[in-house]
Amino acid sequence: NKVKHIATLAVPPAYIEQLDFYTNPARAELIKKIKQTKSELEILDISQHIGRLRMVKQPIEIAAIQKAIDITAKTLKPLTKQKKLAKFKYEYEIEAELNKGFRLGGGSGHAFDPIVACGSNACTIHYVANNDQLTAGDFIIIDVGAEYDHYAADITRTVIIGQPNRRQQAVYDAAEEVQNYAFSLLKPGVLMREYEEKIEKYMGEKLRELNLIKTITHEDVRKYFPHATSHFLGLNAHDAGDYNHPLEPGVVLAVEPGIYIPEEGIGVRIEDNVVIGQKSLKILTKKMPKGI
Ligand code: GLY
Ligand code: MN
């Protein structure tokens, strides 16, 4: 009752149409309560300050993220070996093995709903049902991360039971080239908006080479790559951060280009976690092998 201002986080919209998501109503409820206490209180939004603080990680935070990554990689790597992979019949069997490995490895569990998506399921970006049968010869996207000491890992690998055909290999190689291009851009001072725009163009060239699009426009590219390449990573898999603020040393990001072709039942995503350094980029997910 004595104060004039309260600093908190702004209320998000109740429903986000593009994502078909309802947001958590807790913040709106909190602000309602504050206003009921004293209607003339001025409510200040400190989201941007929190974002700026959270996007730059201290060494102790990077160590926790590294541990979450190591638990994830140690669990995921053996599951993606052909002999082991070929024994799984359903998507959820892989999910269950991941859960076991994360808990036994010292993690508190999954940092977010795990995605194990075979064939055209991989074209649903946040497919979390993980109920379908695994089909040999179809790509399987595994997008998972353990949580350790409240910090998240976020790794995606695209694997197959059997051998990829030429088309699948070409789509995979294109996604990997886009990821390497993204790595080459990440330095202090870079603006995320400009980074995403450059990648969109580069991805457009790859999609054209794959005969998926004829012209490189935002609409054309987003038809096959409908999400951002990078997000902040930390206390949340999609951590708080200021996307309008230039990158600085200590910023931890997920780098996850994907190509999704529903008409061909092909979905590919490759996701690694990196920390921006003064001079060079450090890839934190090196222990998790790449390739199909
Ligand atoms: N790993 C899921 C996501 O980044 O949305
Ligand atoms: Mn991610």
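For the structure itself, consult the block above.
All values derive from a computational prediction rather than experimental measurement.

Peer 1: Describe the coordination of the manganese ion (ligand 2), listing the residues and the values that go with them.
Peer 2: Ligation of the manganese ion (ligand 2) by protein atoms is provided by D154 (OD), H231 (NE2), E256 (OE) and E271 (OE), these donors lying 2.1 to 2.3 Å from the ion. In the primary structure, the donors to the manganese ion (ligand 2) are separated according to the pattern D-x76-H-x24-E-x14-E. In this pair, D154 sits in the loop between β9 (151-152) and β10 (155-160) while E271 sits in the loop between β14 (266-269) and β15 (272-275), placing the two residues 117 residues apart along the sequence. Exposure class is identical for D154 and E271. Each is buried.

Peer 1: Could you give me a rundown of the packing of helix α6 (residues 166-185) against helix α7 (residues 192-209), with the residues and numbers involved?
Peer 2: At a minimum axis distance of 10 Å, the contact between α6 and α7 shows a crossing angle of 155°. In terms of orientation, α6 and α7 fall into the roughly antiparallel class. At the point where α6 passes α7, the crossing takes the right-handed sense. In contact with A174, E177, V178, Y181, A182 and L185 of α6, α7 contributes Y195, K198, I199, Y202, M203 and K206. Among the residues making up the contact of α6 with α7, the classes are represented as nine nonpolar, no polar and three charged.

Rules of the game
- Residues numbered from 1 in each chain as written.
- Chains lettered and ligands numbered in written order.
- Predicted model: local features only at pLDDT ≥ 70, side-chain atom pairs only at ≥ 80, totals over all residues.
- Heavy atoms only, no water.
- Donors = N, O, S within 2.8 Å, 3.2 Å for Na, K, Ca; no water.
- Helix = DSSP H or I, 4+ residues; strand = E, 2+ residues; numbered from the N terminus.
- Buried < 20%, exposed > 50% of the residue type's maximum accessible area, 1.4 Å probe, protein only.
- Axes fitted to C-alpha atoms, helices over the stretch in contact; angles between N-to-C directions.
- Parallel < 35°, antiparallel > 145°, perpendicular 65-115°, else oblique.
- Left-handed = near helix turned anticlockwise from the far one by under 90°.
- Contact = heavy atoms within 4.5 Å.
- Nonpolar A, V, L, I, M, F, W, Y, C, P; charged D, E, K, R; others polar.

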